[in-house]
Amino acid sequence: MIVEITRDQVQYKSYWRWDRIDSTGESEAARLEAVHDAFAHAIARRMGNEQSTSAFLSGGLDSRLIVAALRERGTRVHTVNFCPDRNAGPISG
């Protein structure tokens with residue numbers, strides 16, 4: 001959903017409607033394989049000839065999927081994440 005607020009009005013627009021996707025006639029397995037292959041191809045294209053990389057694991061699904069795809073293609077991945085000490089109290093600036 002896109003909300004556009006101007007001086008005179010507020011407009012709501014949809015840029016994607018799941019209920020308006022045309023069926024391709026392919027099986028679910030074929031569609032899943034096509035999505036996986038496109039994702040793997042995008043990872044390979046961005047990596048080029050590099051054999052190792054670094055990644056920040058944010059805790060979300062996106063970063064985990066990217067690292068899994070990198071590992072699936074044999075890439076050495078150095079990962080880091082950030083987690084404040086929960087016993088340290090509130091962070092102040």
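Residues numbered from 1 in each chain as written. Predicted model: local features only at pLDDT ≥ 70, side-chain atom pairs only at ≥ 80, totals over all residues. Heavy atoms only, no water.

## Quick word on the pairing of strand 2 (residues 10–13)
Applied cut-off: Pairing between two strands requires that DSSP report at least two bridges joining them. Helical segments are the DSSP runs of H or I of at least four residues, strand segments are the runs of E of at least two, and each set is numbered from the N terminus.
Note that strand 1 (residues 2–5) and strand 2 share four bridges and pair antiparallel. Paired with I5 across the bridge in strand 2 is V10.

## Description of the side chain of T75
The following threshold applies: Polar contact is defined as a pair of N or O atoms within 3.5 Å, subject to the rule that within protein one atom must be able to donate a hydrogen and the other to accept it, and that residues adjacent in sequence are counted only when both atoms are side-chain atoms. Throughout, a residue-residue contact means that at least one pair of heavy atoms, one from each residue, lies within 4.5 Å.
With respect to the element layout, T75 can be found in the loop between helix 2 (61–72) and strand 4 (76–80). At 3.1 Å, the side chain of T75 forms a polar contact with the side chain of R73. Among all residues touching T75, those that are not within four sequence positions of it are M47, Q51, S52, T53 and L70.

## Quick notes on the environment of I43
To keep it simple, the criterion reads: Only protein chains enter the area calculation, which uses a 1.4 Å probe; residues under 20% of their type maximum are buried, those over 50% are exposed, and those in between are partly exposed.
Its location among the elements puts I43 in helix 1 (residues 28–47). Judged by relative accessible area, I43 falls into the buried class, the value being 10%. Along the primary structure I43 and R73 are separated by 30 residues, whereas in three dimensions their C-alpha atoms are 9.1 Å apart. Excluding residues that lie within four positions of it along the chain, I43 makes contacts with I66, A69, L70 and R73.

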